[in-house]
Amino acid sequence: MIYLDNAATTRPFDSVIACMDRFYTREYFNPSALYAPAMAVASAVKDARAFLCNALGGGGKLYFTSCATEANTWVYHSGVKNKKGNIVVSMGEHASGYENAQNLLSKGYDVRFVRLLQDGRMDANDFLHKIDAQTTLVSVLHCSNETGAVNDLAWIANALRSVAPSALFHSDGVQAFGKMPTDCRALGVDLYSISAHKIGGPKGIGALWVRDGIRLQPLLWGGGQENGARSGTENVAGIAGFAQAYASFRPTDTEKISALRQNMKTVLLSLPHVVVNEAPENSPFILSFSVPKIKAEILQRLLGEKGIYIGLGSACAARHRKNRVLSAMGRTMADIEGSARISFGTQNLQDDMEFAQTEIARIIRQMQDMQ
Ligand code: PLP
């Protein structure tokens, strides 16, 4: 099997499984309990929190959530206190941001959607038109899960502060964390969402980094875990596995992945009519491309028969091919139907990639010849 849908999820590292096993088989105590072994578990949670918070540059608090979808939902529903101000959101958000914004819109909030450029980044000029002194929350994802386009968060933060100094600035960093610099203070964000399963960690654990001095109204009330900010017994194994995943995601991998992406891109661009959907600054982990007039679903199925698994853009949107993000980038329906996403992971090997490149090129040519 050659798995090339790592933006949807990744295979957990063996080190992560081993680390989690410890908290299921031996140290399964509730970290809120007061006997010694439970306190050791609480200490493991504390260490993981400090380690991941540090990976985000420190200077804030990290709250664990059940996933990044929860972290994003928390921001949208607690980051806006009343209907007086407006909320500015990019059209490129993952569904877990966009659908929350739609939900607020349906409840009568003033939600403004910022257009995308053709390369997938947020349109900075449109952003400047949409924000004003009444803006209370801005959410712009760091790296697009569809195309890998990277938004310039520091620029957005500066532009926002000069117009609405007290607005909260949130970014969904799920596809960026571990893969590019994510020092939250340098990026200028107030809130930053991350998820473990995109970097070789377990599914079902995410976190929200919150700048010092900001206190979000809880979304979940109860036993007061996470310093009262997010109740619910901690997913200890998930939390420890998240920290272990980050530790196992070696920095040299980015260079290896960039080379894999470049080779695949060269092969794709050697084929007639293929367009790569990318921005000047793009994640090396994601390669989105369109082959007009072919159906990417069929390409995906034919590759699947060879044991090669690629994505069709966001896994959450894969079932309904009306791709909001590619539409916002101005792509035609023919481009959208023919668009697919190859996303790389640390487990991808050069030899496998050569086989995948050959098969992808062969099948695309075959499909084009049948037109
Ligand atoms: N944000 C982005 C950019 C994503 O790619 C994803 C996952 O697909 C999510 C949020 C949701 O993450 P989770 O699966 O942890 O809820």
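Look up: the structure comes first, before these words.
Scope of this entry: the structure provided in the associated data block. On a predicted model such as this, the values are computed, not experimentally measured, just so you know.

Observations concerning the pairing of strand β7 (residues 191–195)
A large share of β7 lies buried, amounting to five of its five residues. One ladder, built from three bridges, connects strand β6 (residues 168–172) with β7; its direction is parallel. The partner of S171 across the bridge, within β7, is Y192.

Focus: the pattern of salt bridges
It is possible for side chains of opposite charge to pair when their charged atoms get near one another. As enumerated under the stated definition, the model contains 18 salt bridges in all. Residue E278 is joined to R261 by a salt bridge in which the shortest nitrogen-to-oxygen separation is 3.0 Å. Placement of the pair is E278 in the loop between β9 (275–277) and β10 (286–290) and R261 in helix α9 (residues 252–269), with a sequence separation of 17 residues. Classification of R261 by relative accessible area gives buried; the value is 8%.

Focus: helix α10 (residues 296–305)
Residues of α10 that are buried: A296, L299, L303 and G304. Projected down its long axis, α10 shows its buried positions confined to an angular sector of 135°, all on one face. Buried-residue contacts for α10 involve β10, β11 (308–310), α12 (333–337), β12 (339–343) and α13 (350–369). Of the residues one or two after α10, G307 is the one with positive phi, at around 80°.

Quick word on the packing of helix α3 (residues 68–78) against helix α4 (residues 95–106)
Following both chains from N to C, one finds α3 and α4 inclined at 30°, their axes separated by 9 Å at the closest point. The orientation of α3 with respect to α4, classified from their angle, is roughly parallel. Regarding α3 and α4, the two cross each other, and that crossing is right-handed. From α3, T69, N72, T73, Y76 and H77 reach across to α4, where they touch S96, G97, N100, A101, N103 and L104. Partitioned by chemical class, the residues of the contact of α3 with α4 number three nonpolar, eight polar and no charged.

Topic: the sheet that holds β6
If you trace the seven strands from one edge of the open sheet to the other, you get β2-β8-β7-β6-β5-β3-β4, paired in mixed fashion. The sheet terminates laterally at β2 (60–65) and β4 (110–114), the two strands that pair on one side only. With direction set aside, neighbouring strand axes in the sheet form an average angle of 20°. Strand direction decides the pairing type here: strand β5 (residues 135–139) and β6, joined by three bridges, are parallel. From the neighbouring strand, S139 faces β6, where its bridge partner is H170.

Description of the packing of aromatic side chains
Per the stated rule, a full pass over the model turns up 10 aromatic pairs. Here F51 and Y246 contribute two aromatic rings whose centre-to-centre distance is 5.8 Å and whose plane-to-plane angle is 70°, an arrangement assigned as edge-to-face. A residue pair is termed long-range when its members are at least 10 positions apart, and F51 in helix α2 (residues 36–55) and Y246 in helix α8 (residues 236–248) qualify at 195 residues. F51 sits in the partly exposed class, given a relative accessible area of 36%. Judged by relative accessible area, Y246 falls into the partly exposed class, the value being 23%. Members of the aromatic cluster, joined through ring pairs, are F51, F177, F242 and Y246. Lying over the aromatic face of Y109, K83 brings its terminal NZ or CZ to 5.5 Å of the ring centre. Directly above the aromatic system of Y98 lies the positively charged group of R324, at a separation of 3.8 Å from the ring centroid.

Describing the sheet that holds β9
The strand order across the open sheet formed by three strands is β9-β10-β12, and the pairing between neighbours is antiparallel. Each edge of the sheet is formed by a strand with only one pairing partner; in this case those strands are β9 and β12. On average, each strand axis in the sheet is tilted by 30° relative to the strand beside it, whichever way the strands run.

Parameters and conventions
Residues numbered from 1 in each chain as written. Predicted model: local features only at pLDDT ≥ 70, side-chain atom pairs only at ≥ 80, totals over all residues. Heavy atoms only, no water. Buried < 20%, exposed > 50% of the residue type's maximum accessible area, 1.4 Å probe, protein only. Helix = DSSP H or I, 4+ residues; strand = E, 2+ residues; numbered from the N terminus. Pairing = 2+ DSSP bridges. Salt bridge = Lys/Arg side-chain N within 4 Å of Asp/Glu carboxyl O. Arc of directions from axis to C-beta. Contact = heavy atoms within 4.5 Å. Axes fitted to C-alpha atoms, helices over the stretch in contact; angles between N-to-C directions. Parallel < 35°, antiparallel > 145°, perpendicular 65-115°, else oblique. Left-handed = near helix turned anticlockwise from the far one by under 90°. Nonpolar A, V, L, I, M, F, W, Y, C, P; charged D, E, K, R; others polar. Phe/Tyr/Trp six-rings, centres within 6.5 Å; stacked < 30°, edge-to-face > 60°. Lys NZ or Arg CZ within 6 Å of the ring centre and 35° of its normal.

That's the geometry; what it means functionally is another story.
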